[in-house]
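So the chains spell out like this:
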Amino acid sequence: MQKRFIECFSYVHGRKEAKEMLNELNSLKSSKSFPFIFDSNKDDAWLILGTVTEEDWDRLNLESDFMRV
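Here's what I pulled together on the structure shown here. (Residues numbered from 1 in each chain as written. Predicted model: local features only at pLDDT ≥ 70, side-chain atom pairs only at ≥ 80, totals over all residues. Heavy atoms only, no water.)

Quick notes on the environment of Arg59
Moving on, step 1. Secondary-structure assignment places Arg59 in helix α2 (residues 54–59).
Moving on, step 2. Apart from residues no more than four positions distant in its own chain, Arg59 is found in contact with Leu28, Lys29 and Ser30. (Helix = DSSP H or I, 4+ residues; strand = E, 2+ residues; numbered from the N terminus. Contact = heavy atoms within 4.5 Å.)

Quick notes on the nonpolar core
Moving on, step 1. By size, the foremost hydrophobic cluster in this structure holds 15 residues, and its most contacted members are Leu25, Phe36, Ile48, Trp57, Leu62 and Phe66.
Moving on, step 2. Those elements giving two or more residues to this core turn out to be β1 (5–13), α1 (15–28) and β3 (45–53).
Moving on, step 3. In terms of residues, this core owes the most to one element, α1, which gives 4 residues.
Moving on, step 4. Excluding residues within four positions of it along the chain, Phe66 makes contact with Cys8, Phe9, Ser10, Met21, Leu25, Phe36, Ile48 and Trp57. (Core = buried A, V, L, I, M, F, W, Y, C linked by side-chain atoms within 4.5 Å. Buried < 20%, exposed > 50% of the residue type's maximum accessible area, 1.4 Å probe, protein only.)

As for the pattern of salt bridges
Moving on, step 1. Scanning all chains against the criterion turns up 1 salt bridge.
Moving on, step 2. The shortest N-O distance in the salt bridge between Asp56 and Arg59 comes to 2.8 Å. Separated by 3 residues within a single helix, Asp56 and Arg59 lie in helix α2, roughly one turn from each other. (Salt bridge = Lys/Arg side-chain N within 4 Å of Asp/Glu carboxyl O.)

As for the pairing of strand β2 (residues 37–40)
Moving on, step 1. Examined bridge by bridge, β2 and β3 share 4 bridges and lie antiparallel to one another. Its bridge partner lying in β3, Ile37 is registered against Leu49.
Moving on, step 2. The hairpin turn running from β2 into β3, its antiparallel successor, is 4 residues long. (Pairing = 2+ DSSP bridges.)

Section: the sheet that holds strand β4 (residues 67–68)
Moving on, step 1. Within the open sheet, the 4 strands sit side by side as β2-β3-β1-β4. Their pairing is antiparallel. Since the sheet does not close on itself, it has two edges, and those belong to β2 and β4, each with one partner.
Moving on, step 2. Where α1 meets the sheet, it contacts β1, β2 and β3, and its direction lies at approximately 10° from that of β3. (Axes fitted to C-alpha atoms, helices over the stretch in contact; angles between N-to-C directions.)

Describing α1
Moving on, step 1. The end-to-end C-alpha distance of α1 is 20 Å, a good match for the 20 Å that 14 residues give at a rise of 1.5 Å each.
Moving on, step 2. When we look at burial in α1, the residues that qualify are Ala18, Met21, Leu22 and Leu25. Down the axis of α1, the sector holding all buried residues measures 100°, keeping them to one side. The exposed residues of α1 that point more than 90 degrees off its buried face are Lys16 and Ser27. (Expected span 1.5 Å × (residues − 1). Arc of directions from axis to C-beta.)

Spelled out as structure tokens, the structure:
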């Protein structure tokens, strides 16, 4: 059976906050999901990107903070 992945993103204000969120997400996700990454724009908003399994999407309740691509 093929795993379904969900691509998702969220914006976080502040580099420190984004880095903390990134570290937490990467420590909680399963090994089947890809590592979360982040990038900045010109403002103080940081884009966090992820590709996770449906199981991680549900288990980590990412729907509350992330948008699906």
